[in-house]
Amino acid sequence: FHNFEALNIPDTHPARDMQDTFWFADMKHLLRTHTSTIQVRGMEGKKPPFKFVGPGKVFRCEALDASHEAVFHQLEGMMVGENISVSNLIFFMKTLLSEIFKKDVNVRLRPGFFPFVEPGFELDIECLICGGKGCSVCKQTGWVELLPCGMTHPNVLKAGGIDTDKYNGFAFGLGLDRLVM
């Protein structure tokens, strides 16, 4: 429930496929595939307005390469209140990333699909190695893909017992291992 249904991922969604998820033999339990489960648990224990971040280990059947591992760590974040906007999301992300990197960080949002947010985005940061000029780290684009984020889908808020006529919010999942890369 916490890994799929409450996050707007129905039984027929490809993320539930055995190739993407480590299921136990009983096919009822799994190793979580994302820290978005923290959103559901947070909504179960809090009343709006609220905000939180939480770290966690996640597991995926991934094709391993320089930027993908089967086991990694994420930092999940969520803010729910009245009249939360994409501007709030951008401000928060710029503030968080500037604190992490100890300098101002330029960000951009690109459209991205994630069942638990609508609209959903891929957040990129301007390459900190070349300053956006293009190098091997950013694949000559000047930008590095960093994290998925977006406005929390109303179905997710409803699953958490939140009144979607009054409240909305944003969420993100930051791969901590990707920061180190």
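For the structure, see preceding data.
Given the structure is predicted, the values throughout are model-derived calculations rather than measurements. (Residues numbered from 1 in each chain as written. Predicted model: local features only at pLDDT ≥ 70, side-chain atom pairs only at ≥ 80, totals over all residues. Heavy atoms only, no water.)

## Regarding the sheet that holds strand S6 (residues 168–175)
Logical step 1: Sheet architecture is open: six strands sit in the order S1-S2-S6-S5-S4-S3, paired in antiparallel fashion. The two strands at the open ends of the sheet, each matched to only one other strand, are strand S1 (50–59) and strand S3 (107–111). Each strand axis lies, on average, 25° off the axis of its neighbour in the sheet, ignoring direction.
Logical step 2: Sitting on the sheet, helix H1 (residues 37–45) is in contact with S1, strand S2 (71–81), strand S5 (143–152) and S6, with an inclination near 140° to S1. (Pairing = 2+ DSSP bridges. Helix = DSSP H or I, 4+ residues; strand = E, 2+ residues; numbered from the N terminus. Axes fitted to C-alpha atoms, helices over the stretch in contact; angles between N-to-C directions. Contact = heavy atoms within 4.5 Å.)

## A look at unusual backbone geometry
Logical step 1: For the bond running from Pro-48 to Pro-49, omega is 0°, close enough to zero to count as cis.
Logical step 2: With respect to the element layout, Pro-49 can be found in the loop between H1 and S1.
Logical step 3: In this chain, Glu-118 is followed by Pro-119 through a cis amide linkage whose omega measures 0°.
Logical step 4: Of note in this structure, Lys-102 is not a glycine but carries a positive phi near 60°.
Logical step 5: Positive phi, normally seen in glycine, also occurs at Lys-139, with a value near 55°.
Logical step 6: Topologically, Lys-139 is positioned in the loop between strand S4 (117–126) and S5.
Logical step 7: Owing to a relative accessible area of 68%, Lys-139 belongs among the exposed residues under this scheme. (Buried < 20%, exposed > 50% of the residue type's maximum accessible area, 1.4 Å probe, protein only.)

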